[in-house]
Amino acid sequence: MTDVAGGPEAPLGALRAQIDEVDGQLLELLARRLELVAEVGEVKGKHGLPIYAPDRERAMIAAKRELAQQRGLSPDLIEDVLRRCMREAYTHEKNMGFTRRAPGLGPVVVVGGAGRMGALFGRMFTLSGYDVRVVERDDTPEQVAAAVAGAGMVLVSVPIHDTVDVVRSLPPLPADCLLVDLTSTKRSVMAAMLEQHPGPVLGLHPMFGPDVDSFAKQVVAHVPGRDPDASVWLLEQVRLWGARMHEVDADEHDHAMGLIQALRHFSTFAYGWHLAHEDRDLDTLLALSSPIYRLELIMVGRLFAQDAELYFDIITGSTDALELIERYHERYSRAIELLRTGDREAFVRQFGEVEEWFGDHAGRFLAESQGLLAHADSARA
């Protein structure tokens, strides 16, 4: 019953004080968890274990969901909290250092090491105990030659449109030096590396940006070039950082990137361009947006907060990208025609064809999207 004399604030104040006390206990427990994470990171670094252990994570989440159910708590809530804690743990663990998988390797030279992605990889190699050297655009040929002398690996991390020219400008490398690139297109770069360097060659493509907190759960594509045994240590090193490695050949990689990167970024660019020219008040759109539209606006805005020239290079980096985008434009026009003619049956038929292509993934994506939409909705200012 409400305290009439004191009003509702009196009992609310007491309850809120208890909640604040529980929150303080939670903070102490989270701090203790991070202390244990630091100890785990030291053990993993010492024994050469990757920071991401998917089997351990799955088992732990399943066990805690069951305990939550027994306590009358929402298993989804507990999983959300634990996954956020684990994400913080992976970020914390990455600063603990890693086992060096190739202890006898010569210096690692990062060409473009002052760029964001080059700097990220340079830092990870440094944390793993390698001697890292950096080469930049304005270095003289003599400086570059001195840097690669005795190198165990040369890693090229420069803008897409410069990569082939930079590879071709490299001085002769040691015969056993591993030559690697990080660009998002592979056919032309792999051909240039194989032509330029007679030794081992490997293509890498990090499927993430340089602003990631950790490599844990991130995907790195790798394209075999020459002498695959000579790059096993590197693949294992990146796995230790927590990444998942996916092998793919250069042609398949570039075809996939046309859909995953070029078409997606172009569609986002065109949609953002259209929104800007419709010239509606963005704050009003946000105020009236559903969670899914807010998330869509977030992803569109994310693109335009980044480097325009980088995205032009990504969109035009593949020789097939323009043809792919033109095919998309053709199908888009045909879809508009369905609306113009009011052809409901054809729309439903095409909808069904796409649904069939997605198969069981459609239902899984529907469930997975609920968490993303809930997060987008809770983040409203």
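The coordinates are above.
Scoring rules and cut-offs
Residues numbered from 1 in each chain as written. Predicted model: local features only at pLDDT ≥ 70, side-chain atom pairs only at ≥ 80, totals over all residues. Heavy atoms only, no water. 1 Å grid on protein atoms, 1.4 Å probe; cavity = no way out; pocket = protein on both sides within 12 Å on 5 of 7 lines; lining within 4 Å. Points joined across faces, edges and corners; volume = space filled by probe spheres on them. Helix = DSSP H or I, 4+ residues; strand = E, 2+ residues; numbered from the N terminus. Contact = heavy atoms within 4.5 Å. Polar contact = N/O pair within 3.5 Å; in protein donor to acceptor, adjacent residues only side chain to side chain. Axes fitted to C-alpha atoms, helices over the stretch in contact; angles between N-to-C directions. Parallel < 35°, antiparallel > 145°, perpendicular 65-115°, else oblique. Left-handed = near helix turned anticlockwise from the far one by under 90°. Pairing = 2+ DSSP bridges. Core = buried A, V, L, I, M, F, W, Y, C linked by side-chain atoms within 4.5 Å. Buried < 20%, exposed > 50% of the residue type's maximum accessible area, 1.4 Å probe, protein only.

Re the layout of surface pockets
And then number 1: A volume near 400 Å³ is recorded for the second largest pocket.
And then number 2: Lining the second largest pocket, in full, are L26, L29, L30, R33, L77, D80, V81, L82, R84 and C85.
And then number 3: For the lining of the second largest pocket, the elements supplying multiple residues, two or more each, are α1 (9–47) and α3 (75–93).
And then number 4: The element best represented in the lining of the second largest pocket is α3, accounting for six residues.

Side note on the environment of Q237
And then number 1: Looking at the element boundaries, Q237 is found in helix α8 (residues 232–240).
And then number 2: Through-space distance from the C-alpha of Q237 to that of L155 is 14 Å; in sequence the pair is 82 residues apart.
And then number 3: Ignoring anything within four residues of it in the chain, the contact list for Q237 reads F98, T99, R100, R101, S128 and Y130.
And then number 4: Polar contacts involving the side chain of Q237 include one to the main-chain carbonyl oxygen of T99, which spans 3.0 Å.
And then number 5: Here the side chain of Q237 touches R101 through a polar contact of 2.8 Å, landing on its backbone nitrogen.

Description of the packing of helix α9 (residues 250–278) against helix α12 (residues 308–316)
And then number 1: The geometry of α9 relative to α12 is characterised by a closest axis approach of 8 Å and an angle of 125° between their N-to-C directions. In terms of their interaxial angle, α9 and α12 are classed as oblique. Classified by chirality, the crossing of α12 by α9 is left-handed. Taking contact as the criterion, the partners of Q261, A262, H265 and F266 in α9 are, on α12, Y311, I314 and I315.

Focus: the sheet that holds strand β2 (residues 132–135)
And then number 1: Pairing is mixed across the open sheet formed by seven strands, whose spatial order is β2-β1-β3-β4-β5-β6-β7. In this open sheet, the two edge strands, each paired with only one partner strand, are β2 and β7 (244–247). Each adjacent strand pair in this sheet contributes to an overall mean axis angle of 25°, direction not counted.
And then number 2: Sheet topology note: the strand β3 (residues 153–156)/strand β4 (residues 178–181) ladder contains four bridges and is parallel. Counted as the bridge partner of V154 is L179 from β4.
And then number 3: Here helix α5 (residues 141–148) sits on the sheet and contacts β1 (108–111), β2 and β3; the angle it forms with β2, its principal contact strand, is near 160°.

A closer look at the nonpolar core
And then number 1: Formed by 37 residues in total, the largest nonpolar core has its most connected members in F125, M153, L204, F215, W233 and L234.
And then number 2: Elements supplying a minimum of two residues to this core: α2 (54–70), α3, β1, α4 (116–127), β3, β4, β5 (201–206) and α8.
And then number 3: The biggest single contributor to this core is α4, with five residues.
And then number 4: If we ignore the near neighbours within four places in the chain, the residues touching L204 are V180, D181, L182, T183, K186, V220, A221, H222, L234, L235 and M245.
And then number 5: With 25 residues, the next largest nonpolar core counts V144, A147, V166 and A250 among its residues.

Any link to function would need more than the numbers given here.
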